[in-house]
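As a plain string of letters, each chain reads:
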Amino acid sequence: MSDIHQGGAVATSAPPASVDAGLAPGELAAKYGLAVSGARPGLFEYVRQLWSHRHFIMAFSSAKLTAQYSQAKLGQVWQVATPLLNALIYYLIFGLILGAGKGMEKDVYIPFLVTGIFVFTFTQSSVMAGVRAISGNLGLVRALHFPRASLPISFSIQQLQQLLFSMIVLVAIVMVSGSYPSASWLLVVPALLLQFVFNTGLALIMARAGAKTPDLAQLMPFVMRTWLYASGVMFSIPVMLKDKPQWIADILMYNPAAVYMDLIRFALIDGYGSENLPDHVWATGLGWALLLGIGGFVYFWKAEERYGRG
């Protein structure tokens with residue numbers, strides 16, 4: 001704006017019209033190539049970003065696994081000792097005192113129980129780590145830009161690594177009980193892969209829920225304990241429920257934790273035959289993995305831009 005003096009009169013000229021006048025904020029941002037900070041990318045772009053961060057995911061999971069027992073004198077030994085001690089306690093209470101192993105020989109029940117403990121712990125630990133994946137790492141989430149799904153996925157990989165350590169002891173127990181390596185042992189690989197996909201999807205769901213409701217971490221131990229008792233970890237579901245309505249046994253046998261335990265028991269234990277498995281068990285395991293794996297990933301992705309904000 002300029003002033004022009006002519007004969008004592010003052011004439012004021014209007015400022016030049018801006019080329020951006022009349023544009024809405026969104027239109028201005030689009031014109032100058034601006035984007036919302038932390039905006040959620042498209043689903044396929046999000047997958048691409050996750051793949052580009054694969055080295056970070058693996059390094060983070062390995063570092064967490066190493067640090068988990070860094071203050072303990074026995075260190076990584078606790079990765080195996082913890083589920084073994086749980087199996088020993090359950091065997092004393094449920095196997096010897098309560099007779100939960102009825103219908104099975106001792107050389108079948110012991111690996112049956114230990115396999116159940118190890119496999120269920122894999123899912124339980126993935127869920128508990130997933131609940132705290134975002135809420136327990138807010139400093140990292142707020143300081144760095146990366147796909148937030150990296151955290152629950154990384155924690156699931158950490159639990160898989162821990163299970164693989166435990167499998168060394170599990171194999172030893174199975175062999176001492178009289179079951180030796182055979183072609184059926186190869187079925188452990190696809191069974192664990194399906195369970196890993198299922199666990200990861202469930203961890204993603206719990207990570208989003210835990211980010212919004214941190215108190216969920218206090219509730220989940222009770223939920224997981226109930227799930228453990230309902231999944232046939234310490235007993236055979238068909239044997240224990242033979243005098244109950246069939247639909248109750250079906251619900252418990254087709255729950256995902258029971259499905260993955262039974263698949264690995266069938267693969268490793270000679271005396272645990274297909275008659276102990278529900279119908280279409282592999283299809284059921286695949287269905288649970290796809291449902292939770294894909295559904296959990298999409299559910300987590302939809303809230304990507306809200307993690308760590310307040």
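Residues numbered from 1 in each chain as written. Predicted model: local features only at pLDDT ≥ 70, side-chain atom pairs only at ≥ 80, totals over all residues. Heavy atoms only, no water.

Remarks on the packing of helix H2 (residues 43-52) against helix H13 (residues 281-301)
Interhelical geometry of H2 versus H13 gives an angle of 100 degrees and a closest axis separation of 11 Å. Here H13 runs roughly perpendicular to H2, going by the angle between their axes. Touching Leu-43, Tyr-46, Val-47 and Leu-50 of H2 are Phe-297, Val-298, Phe-300 and Trp-301, all from H13. (Axes fitted to C-alpha atoms, helices over the stretch in contact; angles between N-to-C directions. Helix = DSSP H or I, 4+ residues; strand = E, 2+ residues; numbered from the N terminus. Parallel < 35°, antiparallel > 145°, perpendicular 65-115°, else oblique. Contact = heavy atoms within 4.5 Å.)

Considering the layout of surface pockets
Estimates place the volume of the largest pocket at around 520 Å³. Along the walls of the largest pocket sit 25 residues, with Thr-82, Asn-86, Thr-121, Gln-124 and Ser-125 positioned nearest its centre. When contributions to the lining of the largest pocket are tallied by element, the ones reaching two or more residues are helix H4 (78-97), helix H5 (106-131), helix H7 (150-176) and helix H9 (216-229). Tallied by class, residues from the lining of the largest pocket come to 13 nonpolar, 10 polar and two charged. In this model, the second largest pocket occupies a volume close to 440 Å³. Lining the second largest pocket are 18 residues, with Val-47, Leu-50, Ile-153, Thr-200 and Phe-297 sitting closest to its centre. Put simply, the parts of the chain that give the lining of the second largest pocket at least two residues each are H2, helix H3 (54-68), H7, helix H8 (188-212) and H13. Here the element with the most residues in the lining of the second largest pocket is H8; it accounts for five residues. (1 Å grid on protein atoms, 1.4 Å probe; cavity = no way out; pocket = protein on both sides within 12 Å on 5 of 7 lines; lining within 4 Å. Points joined across faces, edges and corners; volume = space filled by probe spheres on them. Nonpolar A, V, L, I, M, F, W, Y, C, P; charged D, E, K, R; others polar.)

Observations regarding the pattern of salt bridges
Opposite charge on two side chains lets them pair, provided their charged atoms get close. Within this structure, the stated rule accounts for three salt bridges. Between Glu-45 and Arg-48 there is a salt bridge, with its nearest N and O atoms 2.7 Å apart. Highlighted residues: Glu-45 and Arg-48, both in helix H2, separated by three residues, approximately one helical turn. With a shortest N-O distance of 3.5 Å, Asp-262 and Arg-265 are connected by a salt bridge. Here the residue Asp-262 and the residue Arg-265 both occupy positions in helix H12 (residues 256-268), the gap between them amounting to three residues, near one helical turn. (Salt bridge = Lys/Arg side-chain N within 4 Å of Asp/Glu carboxyl O.)

Describing unusual backbone geometry
Despite not being glycine, His-280 has its phi angle at roughly 55 degrees, a positive value. Positionally, His-280 belongs in the loop between H12 and H13. We classify His-280 as exposed; its relative accessible area is 66%. (Buried < 20%, exposed > 50% of the residue type's maximum accessible area, 1.4 Å probe, protein only.)

Quick look at the confidence of the model for the protein chain
Predicted coordinates in areas of low pLDDT are best not read in detail. For the protein chain, mean pLDDT is 85; residues scoring 70 or higher make up 85% of the total. For the protein chain, strand E1 (residues 2-6) is the element with the lowest average pLDDT, namely 54, and H13 is the one with the highest, namely 96. (pLDDT = per-residue confidence, 0-100.)

Quick notes on a positive patch on the surface
On the surface, a cluster of positive charge is contributed by Arg-40, Lys-212, Lys-302 and Arg-306. By the element assignment, Arg-40 lies in the loop between helix H1 (25-31) and H2. (Patch = residues over 30% accessible without salt bridge, like charges linked within 9 Å, V, L, I, M, F, W, Y side chains within 5 Å. Areas by Shrake-Rupley, 256 points an atom, 1.4 Å probe, with all protein chains shown as cover. Lys, Arg positive; Asp, Glu negative; His and termini not counted. Charge placed at Lys NZ, Arg CZ, Asp CG, Glu CD.)

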